Every structure is written in C-alpha cells, then in structure tokens.
Amino acid sequence: MYKVTLIPGDGIGPEVSNAMVKVVEATGVDIEWEKVEAGADVIDEFGVPLPDYVIDSIKKNKVAIKGPITTPVGKGFKSVNVTLRQELDLYVNLRPIKSFQGIKSRYEGIDLVIVRENTEDLYAGIEHKIGDYGAESIKLITRPACERIVEFACKYVKDNNRRKLTGVHKANIMKLSDGLFLDVFREVAQKSGVDYDDLIVDAAAMNLVINPDKFDVMVMPNLYGDILSDLCAGLVGGLGIIPGANIGEDVAVFEAVHGSAPDIAGKNIANPTALIQSAVMMLRYLGEYENADKIERALEKVFEEGTRLTVDLGGNVGTSEFVDALIEKIK
Ligand code: NAI
C-alpha cells in the first residue's frame, strides 16, 4: 500500500483531482490518499496559503499529487506552487509532451520533453520597488542549480533512449546569468556523452512552431520552461493534456501544467487528462508500471474512438462522462 499526499487545489482542481483518483483506483492499485488543502481558502484558518502541515505531509509520504492553485496576479501572496517547489527543493520540472491519435491538432506525432529548472531564475522571488519609479526582479542563476538540472536532463536522455538534448537560453543578451547556464550546459552535456546542441529561446519558440520534429529533450531555466511548456501544450491539443512532475532528491510532487482555469471551474467541463497523465507518471515513479500502462492504454483508446471527448478537444462530454469512458476501458 502506498500513502500519497493529495492536494486537490482550487478552481477546476477539485474536479480534475476527483477524476484522477477515480481513474487511478479503477486500476486496483492500493493507494491511501492523505488529503490536505492549500491556497487562498485556507488563509483564514491557518494564516498562510501553504500551511506547514501540507509540507510535513509531503515530506513524510515522499510522493504527492496536486491540482492547480490560483495565484493572485500582480498582488497578494506568493505562488503556493513556486513556494512548494522551493521549500521541498523540487529542482526538476519534467513535462513530456506527446500527441495522442484522435486528438485534432495541426501537428502529428509530437514527442518532446521539457526539463525546466524549478527553483531559481526570475522565479526566485527576489524583487523590490524603486520608489514610485520602477521595480526590479533579480534573475538568479547559480552553478550548482545549473549543474544538477543539466545532469538530470542528460541522465533522462540516456535512461529513456532519447536522441538529443537541446539547451535553451538567452546568453547572447544575458551574458552572465544565461551565459553561466550555457557554459554549464555545454560542460555537463559534453561530459555525459549525449548528443546536444543549444538555441536561444526566441529561435526555439519559432522553430517549435515551424518544425517541432527538430527537438527531442530540452533543458532550460525556469521562466523559459514555463512559457515553452504552454507553447508545446498548444502543439498537441492544449493545456488539458499535458502532465508534469516536480522532482527532488527523494520527494516528488506530480501536477498538470495547466492552472486553475477559473473560467470553466465548477461546470463539469474541465479535461482531467493532464492530471490523469500526471498520475501515470506518479505510478511509474512508484514502480507501478502495469497500472500506469492500463491508464495510458485507456486514454489512447478513448481518444482514438473520438466519440467521448471533452469540450476543449472538440467533443461534447463532461468531465465525469469522460472518466466513465476511461474506467470502462480500464476494466
Ligand atoms: P490556466 O491554465 O488555468 O487556463 C488557461 C486556459 O486553458 C483557460 O482558458 C482554461 O479554461 C484552459 N484550460 C486549462 N486547463 C484546462 C483543462 N484541464 N481543461 C480544459 N481547459 C483548460 O491559466 P490561467 O488562466 O493563466 O491561470 C489561472 C490561475 O491558475 C492563475 O491564478 C495562475 O497563477 C494559476 N496557475 C496555477 C498553476 C499550478 O497550480 N501549478 C499553473 C499555472 C497557473
């Protein structure tokens, strides 16, 4: 039996989390979910959006899966997601982007992986005002953080028989910060023996749209990883599909790339695939390969049939009907 911390989140979080739990349980895997809450709704009770007991639960269970959590824009508390990644030192954000047959998109056969540095860069949260005149955010890039993320990416390429690693940066302009990332990328990649190249982030964005086949595994600092993940989601049918894992030395938190989608929350129309695919990654992390495969095959079948797709994919079924279709295939 596994004990997994479950953070349902807010917005569409509770809907997609419920869907994920049902699908995972349909495989028969024995998981006890330790449900804990974080976000704006717990501030009244605990005084903070990320109470200590949430962190403690994840540290104890070592594995967590979470729904999205809303972050106030331009004001208010610091992102719970960013804080969680920093507190638990979850330095890798791993995001596989793969096409499913049956999901309409301008591209076919996409199979890319983004490895995003998850603890520093402009997300370090070091910013201050310059009176009424301006504001300054510090872009923190350190050698140890660059080394460990590139080492992870190289190992991922080897372990998964991938063909190439591309380092994405803007070292032509930010010669010191991104320059350091690029130097470390070249050193570590060279030493590891993987095939590698590098590209500035703006060129990477254009090339991903024109010719995504050029890419395989990509590694990059935090901000570029955030932006290019959404771009890549757009290549395969949107944010409803793409899973993710935040990985540290001995703790991992699985979550979709998408946010809390307040525009569709509570309407039973959210696509739970992204969190379900995050659960597939979690099951593999736990060594539950067969159960992970069962869910993946069910997703493939439902998408191939194409008759029970959620609204974002051009279909007309709700979250719960889509879950029923998956469970039918699993059983
Ligand atoms: P979003 O990802 O929530 O939504 C962008 C668009 O994609 C919306 O039109 C939404 O309806 C659609 N969408 C997203 N997920 C979907 C799904 N599963 N099924 C169908 N459609 C889906 O991004 P947005 O609106 O910029 O952010 C909303 C909130 O989420 C913000 O407060 C943001 O800070 C937070 N956020 C949280 C994340 C996390 O908890 N890891 C990640 C990204 C954003």
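Residues numbered from 1 in each chain as written. Predicted model: local features only at pLDDT ≥ 70, side-chain atom pairs only at ≥ 80, totals over all residues. Heavy atoms only, no water.

**Section: unusual backbone geometry**
Despite not being glycine, Asp-89 has its phi angle at roughly 50°, a positive value. Tracing the chain through its elements places Asp-89 in the loop between helix H4 (80–87) and strand S4 (92–98). Relative accessible area serves as the criterion here: at 33%, Asp-89 is assigned to the partly exposed category. If you check the backbone angles, Asn-161 has positive phi at about 50° while not being a glycine. Considering the arrangement of structural elements, one finds Asn-161 in the loop between helix H5 (143–159) and strand S8 (165–169). For Asn-161, a relative accessible area of 73% gives the class exposed. (Helix = DSSP H or I, 4+ residues; strand = E, 2+ residues; numbered from the N terminus. Buried < 20%, exposed > 50% of the residue type's maximum accessible area, 1.4 Å probe, protein only.)

**Quick notes on H4**
Counting buried positions over the eight residues of H4 gives six, a clear majority of the element. Those residues of H4 lying buried are Val-80, Asn-81, Val-82, Thr-83, Leu-84 and Arg-85. Among the residues of H4, the N-terminal cap falls to Ser-79, whose side-chain oxygen and the backbone nitrogen of Asn-81 are separated by 3.1 Å. Immediately downstream of H4, the backbone of Asp-89 shows phi near 50°, a positive value. (Polar contact = N/O pair within 3.5 Å; in protein donor to acceptor, adjacent residues only side chain to side chain.)

**Remarks on the site of the ligand**
With respect to spatial proximity, 21 residues lie near the ligand, and among them Ile-69, Thr-71, Gly-259, Ala-261 and Asn-271 are the closest. In this structure, an oxygen atom belonging to the ligand sits 3.0 Å away from a side-chain N or O atom of Asn-81. Alone, the ligand offers 810 Å² of accessible surface; in the complex the protein occludes 69% of this. Of the residues assigned to the shell around the ligand, the class counts are nine nonpolar, eight polar and four charged. (Near = heavy atom within 4 Å. Areas by Shrake-Rupley, 256 points an atom, 1.4 Å probe, with all protein chains shown as cover. Nonpolar A, V, L, I, M, F, W, Y, C, P; charged D, E, K, R; others polar.)

**Let's talk about the sheet that holds strand S9 (residues 196–200)**
Taken in spatial order, the ten strands line up as S2-S1-S3-S12-S11-S4-S5-S10-S8-S9 in an open sheet, and their pairing is mixed. The sheet is open, and its two edges are formed by strand S2 (31–35) and S9, each paired on a single side. This sheet shows a mean twist of 25° between the axes of neighbouring strands, independent of strand direction. Where S8 and strand S10 (residues 217–220) come together, three bridges link them in parallel fashion. Bridging from a neighbouring strand, Leu-165 pairs with Val-217 of S10. On top of the sheet, helix H1 (residues 13–26) reaches strand S1 (2–7), S2 and strand S3 (63–66); it is set at about 165° to S2, its chief contact. Contacting S4, strand S5 (111–117), S8, S10 and strand S11 (245–247), H5 crosses the sheet at an angle of about 160° to S5. (Pairing = 2+ DSSP bridges. Axes fitted to C-alpha atoms, helices over the stretch in contact; angles between N-to-C directions. Contact = heavy atoms within 4.5 Å.)

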